[in-house]
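# Architecture at a glance
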Amino acid sequence: MAIETAGLGKRYGRSWALRDCSLAIPAGYVVGLVGPNGAGKTTLLNLAVGLAPPTTGEVRVLGALPAGSAAALDAVAFVAQDAALYRGMSVADMLRVGRSLNRRWDTERAHGRLAELGIPLRKKVGELSGGQRSQVALTLALAKRPQLLILDEPLAALDPLARHDFMAALMAAVSEDGVSVVFSSHVVAELERVCDYLVVIQGGQVQVAGEVEALAAEHHVLTGPAEQADAVAERFPVVRDRRASAQAHLLVRTADPSATPPGWQLHPVALEELVLTYMREPSASALPGPRPVRDEHAKAATS
């Protein structure tokens with residue numbers, strides 16, 4: 001497993017940023033961690049990297065390594081949203097800092113990658129564009145030759161072109177090194193292009209997790225007569241329930257889409273709609289099983 005947690009929680013004062021998080025993220029995937037601001041994404045990643053101790057539970061990386069242990073630090077690279085780059089230093093100086101802080105370091109790869117990107121080693125970090133700084137941060141992480149690369153909102157401050165270039169570089173590294181990647185973002189369209197595993201977090205708890213293709217195949221929208229909706233909802237795990245006066249729209253999770261009730265139609269669900277549903281409806285958690293959620297606004301509008 002790339003990251004495995006059991007009963008993981010983190011409390012700051014009286015508030016829980018993360019609570020009762022049990023999660024198993026397999027190795028070998030590009031994992032998208034998505035959720036609204038304040039959902040607990042950064043807290044989860046900080047705990048996985050070892051930047052903070054948990055209040056409850058435990059987190060291990062790459063099989064059985066305790067997060068933050070010497071072995072884990074050698075094998076895990078981390079890029080924060082505000083990359084730890086010293087603006088007054090040259091790029092070459094930043095590489096020397098990276099080399100001094102890590103027991104495993106590939107200087108040749110770092111220099112070669114920056115040369116391919118056209119980023120001069122003599123230039124100060126503060127003189128680089130936002131996209132170039134993000135590439136320097138990624139280069140520092142990849143120079144460790146990590147087995148697991150964790151990125152916390154790496155695209156938040158970048159323009160569309162810089163985001164595209166960053167993701168292209170990231171996917172090239174995945175292809176070359178076979179590194180497992182976990183990165184958080186709130187831009188669902190970017191996740192859909194590159195991720196093959198998805199974790200949705202909201203309110204400090206995991207709402208749904210799984211392979212993207214499997215989640216898409218397991219979720220469907222059933223549309224049919226509103227007067228039959230209660231009976232249909234008893235047959236399927238309902239994630240979202242929207243009803244008008246005559247018709248109901250139920251987003252359900254089922255491994256058997258062929259069991260569509262007579263008089264009802266089955267429709268596929270786009271990844272963005274699926275993610276937004278779990279983000280908006282934390283009570284619809286599919287861990288261990290989703291619970292019906294009524295859209296009271298839709299009912300009120302037609303009553």
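Structure shown above.
Described below are features of the structure shown in this document. (Residues numbered from 1 in each chain as written. Predicted model: local features only at pLDDT ≥ 70, side-chain atom pairs only at ≥ 80, totals over all residues. Heavy atoms only, no water.)

A tally of helices and strands in the protein chain yields 11 helices and 14 strands. Residue burial in the protein chain is summarised as follows: out of 303 residues, 47% are buried. Long-range pairs, those at least 24 residues apart, make up 67% of the contacts in the protein chain between residues at least 6 apart in sequence. For the protein chain, the distance from the average position of its 30 positive side-chain charges to the average position of its 32 negative side-chain charges is 8 Å. (Helix = DSSP H or I, 4+ residues; strand = E, 2+ residues; numbered from the N terminus. Buried < 20%, exposed > 50% of the residue type's maximum accessible area, 1.4 Å probe, protein only. Contact = heavy atoms within 4.5 Å. Lys, Arg positive; Asp, Glu negative; His and termini not counted. Charge placed at Lys NZ, Arg CZ, Asp CG, Glu CD.)

Our next topic: the packing of helix α4 (residues 107-117) against helix α5 (residues 130-142). Two numbers describe how α4 lies on α5: the axes approach to 9 Å, and their chain directions differ by 155°. On the basis of their axis angle, the class for α4 and α5 is roughly antiparallel. You can see that α4 and α5 cross each other, and the crossing is right-handed. Each of Arg-109, Ala-110, Arg-113, Leu-114 and Leu-117 in α4 lies in contact with α5, whose residues at this interface are Gln-135, Val-136, Leu-138, Thr-139 and Leu-142. When the residues that make up the contact of α4 with α5 are grouped by side-chain class, the tally is 6 nonpolar, 2 polar and 2 charged. (Axes fitted to C-alpha atoms, helices over the stretch in contact; angles between N-to-C directions. Parallel < 35°, antiparallel > 145°, perpendicular 65-115°, else oblique. Left-handed = near helix turned anticlockwise from the far one by under 90°. Nonpolar A, V, L, I, M, F, W, Y, C, P; charged D, E, K, R; others polar.)

Bringing the sheet that holds strand β10 (residues 205-211) into the picture now. An order of β6-β7-β8-β3-β9-β10 is seen for the 6 strands of this open sheet, with the pairing classed as mixed. The open sheet terminates on both sides in strands that have one partner only, identified here as β6 (76-79) and β10. Here the average twist between neighbouring strands, direction ignored, is 15°. Pairing geometry for β6 and strand β7 (residues 148-152), over 4 bridges, is parallel. Bridge pairing links Phe-78 to Ile-150 in β7. (Pairing = 2+ DSSP bridges.)

Grouped together as the largest cluster of nonpolar side chains are 53 residues, with contacts concentrated most on Leu-149, Leu-151, Val-181, Phe-183 and Leu-198. Looking at this core element by element, the count peaks at 7 residues for helix α6 (residues 160-177). Not counting chain neighbours up to four residues away, the residues in contact with Leu-149 comprise Ala-77, Leu-138, Ala-141, Leu-142, Leu-170, Val-179, Ser-180, Val-181 and Val-182. Core analysis: the next-biggest nonpolar cluster, separate from the first, contains 28 residues, Ile-3, Leu-23, Leu-148 and Ile-150 among them. (Core = buried A, V, L, I, M, F, W, Y, C linked by side-chain atoms within 4.5 Å.)

This part covers the pattern of salt bridges. One side chain can pair with another of opposite charge once the charged atoms of both are near each other. Scanning all chains against the criterion turns up 12 salt bridges. Residues Arg-109 and Asp-177 are paired through a salt bridge, measuring 2.6 Å at the closest nitrogen-oxygen approach. Residue Arg-109 is located in helix α4, and its partner Asp-177 is located in helix α6; the two are separated by 68 residues in the primary sequence. For Asp-177, a relative accessible area of 30% gives the class partly exposed. Note that Arg-145 and Asp-177 form a salt bridge whose closest N and O atoms lie 3.2 Å from each other. Placement of Arg-145 in the loop between α5 and β7 and of Asp-177 in helix α6 is noted, with a sequence separation of 32 residues between them. (Salt bridge = Lys/Arg side-chain N within 4 Å of Asp/Glu carboxyl O.)

As a further point, take helix α1 (residues 41-49). Most of α1 sits inside the fold, with 7 of its 9 residues counted as buried. Restricting attention to buried positions, one finds in α1 the residues Lys-41, Thr-43, Leu-44, Leu-45, Leu-47, Ala-48 and Val-49. With its phi angle positive at about 95°, Gly-50 sits one or two positions after the end of α1.

This model, assessed by the stated rule, comprises 1 aromatic pair. Measuring from ring centre to ring centre gives 5.4 Å for Tyr-29 and Tyr-197, while their planes differ by 65°; the resulting arrangement is edge-to-face. Residue Tyr-29 is found in the loop between β2 (15-25) and β3 (30-34), and its partner Tyr-197 is found in strand β9 (residues 197-202); the two are separated by 168 residues along the sequence. (Phe/Tyr/Trp six-rings, centres within 6.5 Å; stacked < 30°, edge-to-face > 60°.)

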